[in-house]
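For reference, the chains in residue letters:
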Amino acid sequence: MQNLSIFMDIESSRSYVDELFSSEAGSVVEALVALKNAVIGSNRQKSSVIQQGVVPRLLQLSTDGTLDPNIRLEATITIGSLAKGTPENVASLIELGSATTLIEILRTSPVDSKLTEAALCALRSLFLHPQAPISALPADPSLLAHLTQIAREGTPTSRASIIRILSIWCGGSAQQDALCAAGACAAAAAMLGPRAPQALPALDLLAAMCFENAAVSQCAINTRHNDKSVPALLSSLAGRSQPLPVALGAARGLAFLHRAGALDASDPRVVYGALPCLARLCTRDVPEEIRATAAETLAYLAEVDTTLQRLAAISNHLMTSLADIVTCPSAAAKQGAFKCFASLGANDEDIRKKIIETYGLMLHVVNGMNNPEPMVRLAAVRCLHSLSRSVQQLRTTFQDHCVWRPLMQLLTDSPGTELLTVGSSTLCNLLLEFSPAKEPMLDQGAVEMLCALTRRPEAALRLNGIWALMNMAFQADQKVKQRILCCLGTEQMFRLLGDADTRVIMKTLGLLRNLLSTKSHIDAIMQDYADQVMQAVIVVLEGSYPCEVKEQALCILGNIGDGERAKDLLMDNEDVLRKLVDYLAHPERSLQEAALFCVSNLVRAGGAGAAARQARLAELGVLRALRLLQRRTTTNHTVKAALAQFNEFT
């Protein structure tokens, strides 16, 4: 045979390709061995072999059970070598169906065979490609059971390979449940031994399986290896003596077990294991990639628990470490730091103040919202949203840095749904009555943008849009209120009152209530929108809405009753007045009080037409209902005050 390197350099020779099709097993094995030796370590030669169309023949040889086992083994090893080539090489192998072929080999091969090991090594290389052939591995219970058996009983190389493959494949609840049923928790736990580097794939698999899956996480904490539970094994691997990647993987596993509900926030393995380990891994002397993941994991761990947030905030100079991570060049590092700041400041005002005072963080947040990487922008907005819960910071630091400007730019520049959701939540806080950002945001078209959000199909966006409008309308001048009404439109108001999300209905009624405040504003709005407002209220009072929703509708009537001319519009609507009488006798105390608030405004003595209103209300049964209320309770001063207004009847 001619030298193989000449075959690779001068692609005119076909002798080796021809030998692969020989009927002589010895010739085929010899060609495969020579081919394997030639492509090892040479991406150029790997590319040449793939371009000459050799891969389909290799796949055929590796799966033909009638051939010499050495042929199948050498063909599979050669495929594995090609799979270690350039990303383009791997993509070509995937396109030719190599992953499916290798999985079929695994389905029928013995657990501890060399062929199984070679197939797994090749498949692992394919799965490490950015476009991993996930769909090639079906959620077949019998296949997964066989693969997890390999993970428990195979050679060390096979075990590490299959655990890595399964950790990449596990990308959703269906895969999590299937792997759990196949015994993958026990297989992964068996690899969490003292030889720490081998634990890395198992740590990744456990994290992937337990992420936001309560059932799998519960199975994991009940799994034992060598009389140690999985949480205990993870705690030992999160210690300072372990390599940094292993400690990080173990802490991630504990964090995911906690967030899935399998470990309580007060569990020592969370408080003294995961949390301090992650804080330590955020420090400056740790490689940037690990710091980035540690910060993001810590953000997830502490996201919903105030105690963990407070503990993290005082752990290992974490604030200083995070401030340093924000300045790192990588997008992943900035993203992790912003997310961690957002979690720490979610609930505690003192922590938010500490974050704000940390090394000019607000400037980094503003720069983050202008970052070219979408995930950095999203994380920066999350951080801003968390900090915007501080009344003091809204009045000071936020105003000093004009944070509303880049935020408005982001939200008007075709953002993704997630960014739009977090950003509009932040707007709800920036538009509170005491926020100095309210006026300039109005000038930048905030009303129009928020009204557009109420028309979105996503419930969270509709809620944020109407919530922000409600905040904007609170104690606003009449011009702003008219602008909101004109832009939103009464038809959209009715659509929102029929929303499937009760929170949207509540905020819509809250908007109406804020619009109908201040006597002159009430009269002006009712003059133009009386029919629509009254219809909206009646729809709610007659519908099957929760008590808190009907209470808001009755409070709107109370606000209308406080107007000078608007109360006459209410008095002209006998249907509404009769409903007030009914609600004065309602068994729910909150609805009684809301109806009483409205009646008190209508019966107030003095002013034009007061006597006529009292007489009309008495005729409809309001006086009788008030007296019944008085007999039921002797402590309700509002009832007594309302009765006192009926001077000519008492």
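Nothing here was measured: the structure is a model prediction, and the numbers come from that model. (Residues numbered from 1 in each chain as written. Predicted model: local features only at pLDDT ≥ 70, side-chain atom pairs only at ≥ 80, totals over all residues. Heavy atoms only, no water.)

**Notes on the environment of Ala 207**
Within the element layout of this structure, Ala 207 appears in helix H14 (residues 196-210). Of the residues examined, Ala 207 reaches a relative accessible area of 1% and is grouped as buried. Between the C-alpha atom of Ala 207 and that of Gly 249, which follows or precedes it by 42 residues, the distance is 7.9 Å. The contact partners of Ala 207, leaving out residues within four places of it in the chain, are Arg 252 and Phe 256. (Helix = DSSP H or I, 4+ residues; strand = E, 2+ residues; numbered from the N terminus. Buried < 20%, exposed > 50% of the residue type's maximum accessible area, 1.4 Å probe, protein only. Contact = heavy atoms within 4.5 Å.)

**Details of the side chain of Asn 471**
With respect to the helices and strands, the residue Asn 471 is situated in helix H32 (residues 459-473). Every residue in contact with Asn 471, bar those within four places of it in the chain, is listed here: Cys 428, Leu 431, Leu 432 and Lys 438.

**Considerations on the packing of aromatic side chains**
This model, assessed by the stated rule, comprises three aromatic pairs. Measuring from centroid to centroid gives 5.5 Å for Phe 211 and Tyr 300, while their planes differ by 40°, and the two rings are tilted. You can see Phe 211 sitting in the loop between H14 and helix H15 (214-221) and its partner Tyr 300 sitting in helix H19 (residues 288-302), a full 89 residues away along the chain. A residue is classified by how much of its surface remains accessible, and Tyr 300, at 14% relative accessible area, is buried. A ring pair is formed by Phe 256 and Tyr 300, whose centres lie 5.6 Å apart and whose planes are at 90°; its orientation type is edge-to-face. Of the two residues, Phe 256 sits in helix H17 (residues 244-259) while Tyr 300 sits in helix H19, which places them 44 residues apart along the sequence. In this pair, the class of Phe 256 matches that of Tyr 300, namely buried. Here a set of aromatic residues connected by ring pairs shows up, and it is made of Phe 211, Phe 256 and Tyr 300. Above the plane of the ring of Phe 21 lies Arg 57, whose end atom (NZ or CZ) is 4.5 Å from the centre. Directly above the aromatic system of Trp 467 lies the positively charged group of Lys 507, at a separation of 4.1 Å from the ring centroid. (Phe/Tyr/Trp six-rings, centres within 6.5 Å; stacked < 30°, edge-to-face > 60°. Lys NZ or Arg CZ within 6 Å of the ring centre and 35° of its normal.)

**Looking at the side chain of Lys 334**
Mapped onto the elements, Lys 334 comes out in helix H22 (residues 331-344). Of the buried charged residues, Lys 334 lacks a salt bridge, with Glu 288 as the closest side chain of opposite charge at 8.1 Å. Polar side-chain contacts of Lys 334 include one of 3.1 Å to the backbone oxygen of Cys 328. Setting aside chain neighbours within four positions, we find Lys 334 in contact with Ile 325, Val 326, Thr 327, Cys 328, Pro 329, Asn 371 and Val 376. (Lys, Arg positive; Asp, Glu negative; His and termini not counted. Salt bridge = Lys/Arg side-chain N within 4 Å of Asp/Glu carboxyl O. Polar contact = N/O pair within 3.5 Å; in protein donor to acceptor, adjacent residues only side chain to side chain.)

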